Structures are given as C-alpha cells and as structure tokens.
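Given next are the chains, with one letter for each unit.
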Amino acid sequence: MDPTHPTRVLVITDRTAATPELLEVIRERAARGPTQFRLVVANPAPAEWHLLHPERHDQATAAEAVLKQAIPALEEATGASVIGSVSIRHNPVDAVEETLLSEPIEEIVIAVAPNHAQRWLHLDLPHRLVHFGLPITTVGADTPVATG
C-alpha cells in the first residue's frame, strides 16, 4: 500500500447509513491506513416511476436526508471528510457500476438491507459485485462479512 495514496473506499447504502455496525467497520478500515470514503445512497424511487410521479420527489428527499444524517457520523468515525451523493440509480448494483465508471475505487463496503430470496439464490449484492475484483465488506443484520 502506498502511504501517499489513500485507499478509495465506496460505501453503498439504501437505508440509514450510520448504523453502529457500519461505523465500526469504517473506523476499523480507517485505522488500517490512509483512506478516502465515498458514500453513495441508492435512489429509493423505482426506475419505472415517471420523473413527475408524485412520490418520486418525496423519495429523493428521504435519500438526501439519509445522506445528510450519515456524512457527519462517518466523518467522525474516519476523522476525515467523506464525499457523498444520492445516485440517480435505484438498483444498488447500477449505482456501484456508475460510481466505478466515474472514479477510481479500490474497495467496497455494502450497507444494503439484504433480500432473503436474493441471498438464498446468491443474487445478493456482494455476489453480483464480485466480478469487479475489489475487496467487499458487507454490513447488515448479520455479522460483517468480507470477501476478496
């Protein structure tokens, strides 16, 4: 690891990001060396909703609130500034892919509520992102799981 180059870590979430479990994972990762965190909140409005759908604006406002609540807590956990945004993408996989296309990312932390059926079929987010070849840490209702 190059001490002059911070490791860029993408944190993807679709819910309140500043859970105690996520903050612990972030603290532990920041303690291992220079790190820059990028928080992306998946857009809660389904892609099939028309841009003028009455609930679309409310959903985007809720996602912005998640972002505004999470960033100060993540910054406190890391001791550094955190970049954050709400993706235009509803699907977390699409949000991750979009971020990877626009900026260099070297690790991924997933704080997305797993769907039981998706986990059972191995269609959950970590399995769908493994092809990027990046280390992935999953934070959820279960114990954090690291792959890669």
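Residues numbered from 1 in each chain as written. Predicted model: local features only at pLDDT ≥ 70, side-chain atom pairs only at ≥ 80, totals over all residues. Heavy atoms only, no water.

Some points on the nonpolar core
One finds Val 11, Leu 22, Ile 26, Phe 37, Leu 39, Leu 74 and Val 109 to be the most contacted residues of the largest nonpolar core, which totals 21 residues. Mapped onto this core, the elements with two or more residues apiece are strand E1 (7-13), helix H1 (20-31), strand E2 (35-41), helix H2 (54-78) and strand E4 (107-111). The leading source of residues in this core is H2, at 7 residues. When sequence neighbours within four positions are dropped, the list of residues in contact with Val 11 reads Leu 22, Ile 26, Phe 37, Arg 38, Leu 39, Val 40 and Val 109. Counting residues in each nonpolar core, the second largest holds 15 residues, with Val 93, Ile 110, Leu 125 and Leu 134 among its members. (Core = buried A, V, L, I, M, F, W, Y, C linked by side-chain atoms within 4.5 Å. Buried < 20%, exposed > 50% of the residue type's maximum accessible area, 1.4 Å probe, protein only. Helix = DSSP H or I, 4+ residues; strand = E, 2+ residues; numbered from the N terminus. Contact = heavy atoms within 4.5 Å.)

Description of the environment of Val 86
Mapped onto the elements of the fold, Val 86 is located in strand E3 (residues 83-86). Between the C-alpha atoms of Val 86 and Leu 67, which are 19 residues apart in sequence, the distance is 7.3 Å. Val 86 has contacts with Val 41, Asn 43, Ala 63, Glu 64 and Leu 67, leaving out every residue within four places of it along the chain.

Comments concerning helix H3 (residues 92-102)
For an α-helix the count is 3.6 residues per turn, leaving residues at separations of three or four pointing the same way. When H3 is considered as a whole, its buried residues turn out to be Pro 92, Val 93, Ala 95, Val 96, Thr 99 and Leu 100. Projected down its long axis, H3 carries its buried residues within an arc of 165 degrees, all on one side. Away from its buried face, by an angle of more than 90 degrees, H3 presents the exposed residues Leu 101 and Ser 102. On its buried face, H3 is in contact with E1, E2, E4 and helix H5 (125-129). The residue sitting at the N-terminus of H3 and contributing the capping side-chain oxygen is Asn 91; that oxygen lies 2.7 Å from the backbone nitrogen of Val 93. (Arc of directions from axis to C-beta. Polar contact = N/O pair within 3.5 Å; in protein donor to acceptor, adjacent residues only side chain to side chain.)

Some details on H1
Across its 12 residues, H1 extends 16 Å between first and last C-alpha, which sits within 8% of the 16 Å expected from 1.5 Å per residue. A positive backbone phi angle near 155 degrees is found at Gly 33, which sits one or two residues after H1. (Expected span 1.5 Å × (residues − 1).)

As for the environment of Asp 94
If you trace the backbone, Asp 94 turns up in helix H3. Asp 94 gets classed as partly exposed once you look at its relative accessible area, which sits at 34%. Considering only alpha carbons, one finds Asp 94 and Ala 42, 52 residues apart in sequence, at a separation of 8.8 Å.

A word on the pattern of salt bridges
Enumeration according to the criterion identifies 6 salt bridges in this entry. Two residues, Arg 32 and Glu 107, come together in a salt bridge whose shortest N-O distance is 3.8 Å. In this pair, Arg 32 is assigned in the loop between H1 and E2 and Glu 107 in strand E4, connecting sequence segments 75 residues apart. On the accessibility criterion, Arg 32 (55% relative accessible area) is exposed. A relative accessible area of 14% means that Glu 107 is categorised as buried. Residues participating in the shared-partner salt-bridge network are Arg 8, Arg 38 and Glu 103. (Salt bridge = Lys/Arg side-chain N within 4 Å of Asp/Glu carboxyl O.)

Take it as geometry only, folks, not as evidence of what the structure does.
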